[in-house]
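Survey of secondary and tertiary structure
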Amino acid sequence: MPATSRPYLLRLSGLLRRCAPLWLTVLALLCSLAAGCGNDAPPTGAAVENRDSMPVMVTRGVSKLISDSGLVRYKIISEEWRVYDKTTPQRQEFLRGIYFQRFSTKFTPDLYIIADTAFCYNNSLWDLRGNVFIKNFENATTFATAQLYWDMNRHEIWSYSHMHIITPDRDLEGDAFSSNEAMTRYHISRSKGFVPMPRDGEESTDDEVIIEEDTTEMFDPLPPRERPTPRRKGVAPEAPEIM
């Protein structure tokens, strides 16, 4: 080896020894990046094309106030609240129970509703299911049933399940029920219970109750016929008068 190349090789070997830690760090970084680009990542689901089965919002531990005409009128408390905005109609689900409270114009509670499950369609029609119970503080009325519908726009409630309503002077049960939102005018089908009759000179209450023992009507396909006039033996029928 020529004597002139020895100093160059010595300097090159010294440079390699000083840069060895740096090269090892770069090599380790490249190896880690190569391992991260492998197929060990967890698989991902396919894109959701029809989103009507997926809620746009899921909230847990809900306490919500609802205003009506600029006044806070309702309060909802629920363990879970799901909102579906792509369904027809749009709906909200409260699958883990609901506590619904209504306020008067003075912001004092005047009614509450509890149920095991609730569905709300178009922010107005409620479908309450399972151990539905209503307490109206204004007229001291309680109502219990297995399923109840409530239209907030029409201010009406109704049920096709067995129901039990108790007022200060009435205790009624039935298989179908419809009422106004204040539960002062209601209609009960196939009912049982007691309703006090007003005494002489005593005014009745303001509540209007319509009770039907049985709403099933028999259908007769034949037209009605006139009942024949009975005749006694040996007596001729009277002749019609001639005008």
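One structure accompanies this document, and this report is about it. Remember, predicted model here, so these are calculated numbers, not experimental data.

What follows is about the overall build of the chain. Counting its regular elements, the chain contains one helix and 15 strands. Looking at the chain as a whole, 27% of its 243 residues are labelled buried. Sequence-distant contacts in the chain: of pairs separated by 6 or more residues, those separated by 24 or more amount to 33%. For the chain, the accessible area works out to roughly 18,100 Å², and carbon and sulfur atoms hold 56% of it.

Applying the stated rule across the entire model yields 14 aromatic pairs. Geometrically, the ring pair formed by Tyr-74 and Trp-150 is edge-to-face, given 6.1 Å between the ring centres and 75° between the ring planes. A residue pair is termed long-range when its members are at least 10 positions apart, and Tyr-74 in strand β2 (residues 71–84) and Trp-150 in strand β8 (residues 141–151) qualify at 76 residues. Taking the centre distance of 5.8 Å and the plane angle of 25° together, the rings of Phe-94 and Trp-126 count as stacked. Of this pair, Phe-94 sits in strand β3 (residues 91–94) while Trp-126 sits in strand β7 (residues 125–136), placing them 32 residues apart in sequence. Just as Phe-94 is buried, Trp-126 falls in that class too. Through a chain of ring-to-ring contacts, the aromatic side chains of Tyr-74, Trp-81, Phe-94, Phe-100, Trp-126 and Trp-150 assemble into a single cluster. In this arrangement the basic side chain of Arg-91 is found over the ring face of Tyr-84, its NZ or CZ atom lying 4.2 Å from the centre.

Before going further, it helps to spend a moment on the pattern of salt bridges. According to the stated counting rule, one finds 11 salt bridges in the structure shown. The closest approach of N and O atoms between Arg-96 and Glu-79, which form a salt bridge, is 3.5 Å. In this pair, Arg-96 is assigned in the loop between β3 and β4 (98–103) and Glu-79 in strand β2, connecting sequence segments 17 residues apart. The exposure class of Arg-96 is partly exposed, given its relative accessible area of 49%. Where Arg-154 meets Glu-156, a salt bridge forms, and the shortest distance between an N and an O atom there is 2.8 Å. On the accessibility criterion, Arg-154 (52% relative accessible area) is exposed.

So, about the pairing of β7. Bridge count between strand β5 (residues 109–115) and β7: four bridges; the pairing is antiparallel. The residue bridging Leu-111 from the neighbouring strand is Asn-136, located in β7. Between strand β6 (residues 117–121) and β7, which pair antiparallel one after the other, the connecting turn spans three residues, and Asn-122 there sits at a positive phi close to 55°. Where β7 and β8 come together, 10 bridges link them in antiparallel fashion. The partner of Lys-135 across the bridge, within β8, is Thr-142.

Rules and cut-offs
- Residues numbered from 1 in each chain as written.
- Predicted model: local features only at pLDDT ≥ 70, side-chain atom pairs only at ≥ 80, totals over all residues.
- Heavy atoms only, no water.
- Helix = DSSP H or I, 4+ residues; strand = E, 2+ residues; numbered from the N terminus.
- Buried < 20%, exposed > 50% of the residue type's maximum accessible area, 1.4 Å probe, protein only.
- Contact = heavy atoms within 4.5 Å.
- Areas by Shrake-Rupley, 256 points an atom, 1.4 Å probe, with all protein chains shown as cover.
- Phe/Tyr/Trp six-rings, centres within 6.5 Å; stacked < 30°, edge-to-face > 60°.
- Lys NZ or Arg CZ within 6 Å of the ring centre and 35° of its normal.
- Salt bridge = Lys/Arg side-chain N within 4 Å of Asp/Glu carboxyl O.
- Pairing = 2+ DSSP bridges.

Shape is all these values report; function is a separate question.
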